[in-house]
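# Notes for the structure review
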Amino acid sequence: MMDELLDVKVERVAHGGWCVGRHEGRVVFVRHALPGERVRARVTEEVSRFLRADAVEIIEPSPDRVSPPCPYAGPGRCGGCDWQHAALPAQRLLKAAVVTEQLKRLAGIEREVVVEEVPGAPGGLGWRTRVRFAVRQDGVVGLRRHRSHTVEPVEACLIAHPEAEAAGVETKSWRGASAVEVIASSAGDRAVVVTPKGRRGVAVPDLDAPAAVLVDRGRGRTEAARGRGGVRERADGREFEVTGSGFWQVHPGAAETLREAVLAFAAPRPGERVLDLYCGAGLFTAALAEAVGREGAVTGVESDAAAVRDARRNLRDLPQARIERATVDDALAGLEAADLVVADPPRTGLGQGVTGGIAAHSPTRIVYVSCDPATLARDIALLGGLGYELAALRAFDAFPMTHHVECVAHLVRA
């Protein structure tokens, strides 16, 4: 069955950049296709319940189909983008359909979802301010192919921000490195983070534009080889320090857009007690602390040591905010009750332990920022069983050309 060509009628979109079709009654998950199309698809994987395949010929195209702007997009090529073959409005409809389906299937909630454009990426290109490239044995950089460790060499990445591309990382030799990340911050800083193979050093080539150079020593530790040890980011007029490869939204408009959405749902009031879980460098913590004022209190919880140092530095002018270094599970067990909880977990979501810990604090409202609609829907269902209901949800196209979508959910105590 592997490599066999199948004639597939594509039915609907599925989570993860796939579309679903059937061949002789068997489910086929197809990439590089669109709903309503008839395609010839090459089987790339066979499991007991379904097949995976790449659409290699479009027999009956969708009206939403466009020519991918990137020469590296397509079957067997770069796996960084999922929807380059779809017009931008269609991409957002596909993402909305995925969020809608996950909410219905995993949480039993029927809700119309609209995926909103995030300012700063006209045409869906040139938005990614942080790009991590893989490096081959010969020092050539590129991006991984889909579900593969194989590196696809690229001379330029079209979704990368122009200020990140200016460094010319893709055109240099990085022998001795396993990965190279280029960062172009909202405050105008540029940095290149190099991950060496083993203990051997990396001869850093001359870059096409000025940039700090940092060496990733593992476990979240980086050291500056040239220039600053991190970058500055800006949101709502406030400057944030982010060390090394520390987390920050990669779309240039996402940090401000999400901050505004969180505040609108959270509606923090002076004097309230707030928990900001997985707080990172303190983007939401700062906004919440300003809203509750000196008579209120905001506790940010973060397990990454570098992010904790960044957050404490970024919030030093807000005495009502404090940062606790701990896992969220551990912190919730020892913290006092809260009026409001904000959570921005990694893709794995909250899970049963954290949702239970949040409910034990009896907040009147929860604001949940998620980059994965499946774990979001699962956790909404868990919180529903603990007395919280979904009051509102917004979705944002913070990752154009990819299947990823950012959601902000507002839950209230029933």
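Refer to the structure printed above.
Notes on the structure in this doc start here. (Residues numbered from 1 in each chain as written. Predicted model: local features only at pLDDT ≥ 70, side-chain atom pairs only at ≥ 80, totals over all residues. Heavy atoms only, no water.)

## Let's talk about the overall build of the protein
Quick reminder of the rule: Under the DSSP-based scheme used, a helix requires at least four consecutive residues in state H or I and a strand at least two consecutive residues in state E, with every element numbered from the N terminus. Here the globule rule reads 2.2 Å times residues to the power 0.38, and the radius of gyration is calculated from C-alpha atoms. Burial here depends on accessible area, computed with a 1.4 Å probe over protein chains only, as a share of the maximum for the residue type. Under 20% is buried, over 50% is exposed, and the range in between is partly exposed.
The helix and strand inventory of the protein stands at eight helices and 22 strands. What you see for the protein is a C-alpha radius of gyration of 22 Å, in line with the 22 Å of a compact globule of 414 residues. Once the C-alpha set of the protein is aligned to its principal axes, its extents read approximately 65 × 55 × 35 Å. Of all 414 residues assigned to the protein, the portion counted as buried reaches 55%.

## A closer look at the pattern of salt bridges
The cut-off we apply is this: Salt bridge, as applied in this entry: a Lys or Arg side-chain nitrogen positioned within 4 Å of an Asp or Glu carboxyl oxygen.
This structure, assessed with the given rule, holds 34 salt bridges. Between R65 and E37 there is a salt bridge, with its nearest N and O atoms 2.7 Å apart. Note that R65 is positioned in the loop between β5 (50-60) and α1 (88-107) and E37 in the loop between β3 (26-31) and β4 (38-46), a separation of 28 residues in sequence. Look at R65 and you get partly exposed, because its relative accessible area is 24%. The exposure class assigned to E37 is buried, which follows from its relative accessible area of 0%.

## Some points on the pairing of strand β14 (residues 230-235)
Quick reminder of the rule: Strand pairing is defined by DSSP finding a minimum of two bridges between the two strands.
Here β14 pairs with strand β15 (residues 238-243) via six bridges, running antiparallel. In the sheet register, R232 faces β15, and the bridge partner there is E241. Counting the residues in the hairpin turn of β14 and β15 gives two residues, including D236, whose phi is positive at 55 degrees.

## Here we look at the side chain of T299
As a reminder, the rule being used: Residue contacts are counted whenever heavy atoms from the two residues lie within 4.5 Å of one another.
When you line up the elements, T299 lands in strand β17 (residues 297-302). Once residues lying within four places of it in the same chain are set aside, the contact partners of T299 are V274, L275, D276, R322, E324 and L335.

## A short note on the sheet that holds strand β1 (residues 5-14)
Two strands in a sheet stick together by hydrogen bonds in their backbones, pointing the same way (parallel) or opposite ways (antiparallel). Threshold: Axis definition: a line fitted to C-alpha atoms, over the contacting stretch in the case of helices. Angles run 0 to 180 degrees between N-to-C directions.
The strand order around the closed barrel formed by five strands is β1-β2-β3-β5-β4, and the pairing between neighbours is mixed. With direction set aside, neighbouring strand axes in the sheet form an average angle of 50 degrees.

## Focus: the environment of P373
Among the secondary structure elements, P373 is positioned in helix α8 (residues 373-384). Given a relative accessible area of 5%, P373 falls into the buried group. In this structure, the C-alpha to C-alpha distance between P373 and R147, residues 226 residues apart in sequence, is 20 Å. In this structure, P373 is in contact with H15, V98, V99, Q102 and V405, ignoring residues within four places of it in sequence.

## Here's the deal with empty space enclosed by the protein
Here is the rule: The method works on a 1 Å grid over the protein atoms by themselves. A cavity is a set of points holding a 1.4 Å probe that cannot get out, a pocket is an open set with protein on both sides within 12 Å along at least five of seven lines, and residues with an atom within 4 Å of a point line them. Grid points are joined across faces, edges and corners, and a volume is the space filled by probe spheres set on the points. Amino acid classes used here: Ala, Val, Leu, Ile, Met, Phe, Trp, Tyr, Cys and Pro are nonpolar; Asp, Glu, Lys and Arg are charged; the rest, including Gly, are polar.
Considering all chains together, one arrives at three cavities of 30 Å³ or more under this definition. In this structure, the largest cavity spans a volume of roughly 60 Å³. Contributing elements (two or more residues each) for the lining of the largest cavity: β15 and α4 (283-292). Among the elements that line the lining of the largest cavity, the one with the most residues is α4, at four residues. Grouping the amino acids of the lining of the largest cavity by side-chain chemistry returns five nonpolar, no polar and four charged. In this structure, the second largest cavity spans a volume of roughly 50 Å³.

## Looking at the sheet that holds strand β20 (residues 365-370)
If you walk across this open sheet you meet the eight strands as β6-β21-β22-β20-β19-β16-β17-β18, and the pairing is mixed. At either end of the open sheet lies a strand with only one pairing partner, and these are β6 (115-117) and β18 (321-325). Recorded for the sheet is a direction-independent mean angle of 20 degrees between the axes of neighbouring strands. The strands that helix α5 (residues 305-314) touches are β17 and β18; relative to β18, the one it contacts most, it runs at about 170 degrees.

## Details of the packing of aromatic side chains
Note the following rule: Two aromatic rings from Phe, Tyr or Trp, using only the six-membered ring of Trp, form a pair when their centres are within 6.5 Å; if the ring planes differ by under 30 degrees the pair is stacked, by over 60 it is edge-to-face, and anything between is tilted.
Counted according to the given criterion, the structure contains four aromatic pairs. Consider the rings of W18 and F29, whose centres lie 6.5 Å apart with planes at 80 degrees: the pair is edge-to-face. With W18 in strand β2 (residues 18-23) and F29 in strand β3, the pair connects residues that are eleven residues apart, well separated along the chain. Residue classification places W18 among the buried residues on the basis of a relative accessible area of 8%. Plain terms: the ring middles of F29 and F50 are 5.1 Å apart, the flat faces sit at 80 degrees to each other, and that makes the pair edge-to-face.

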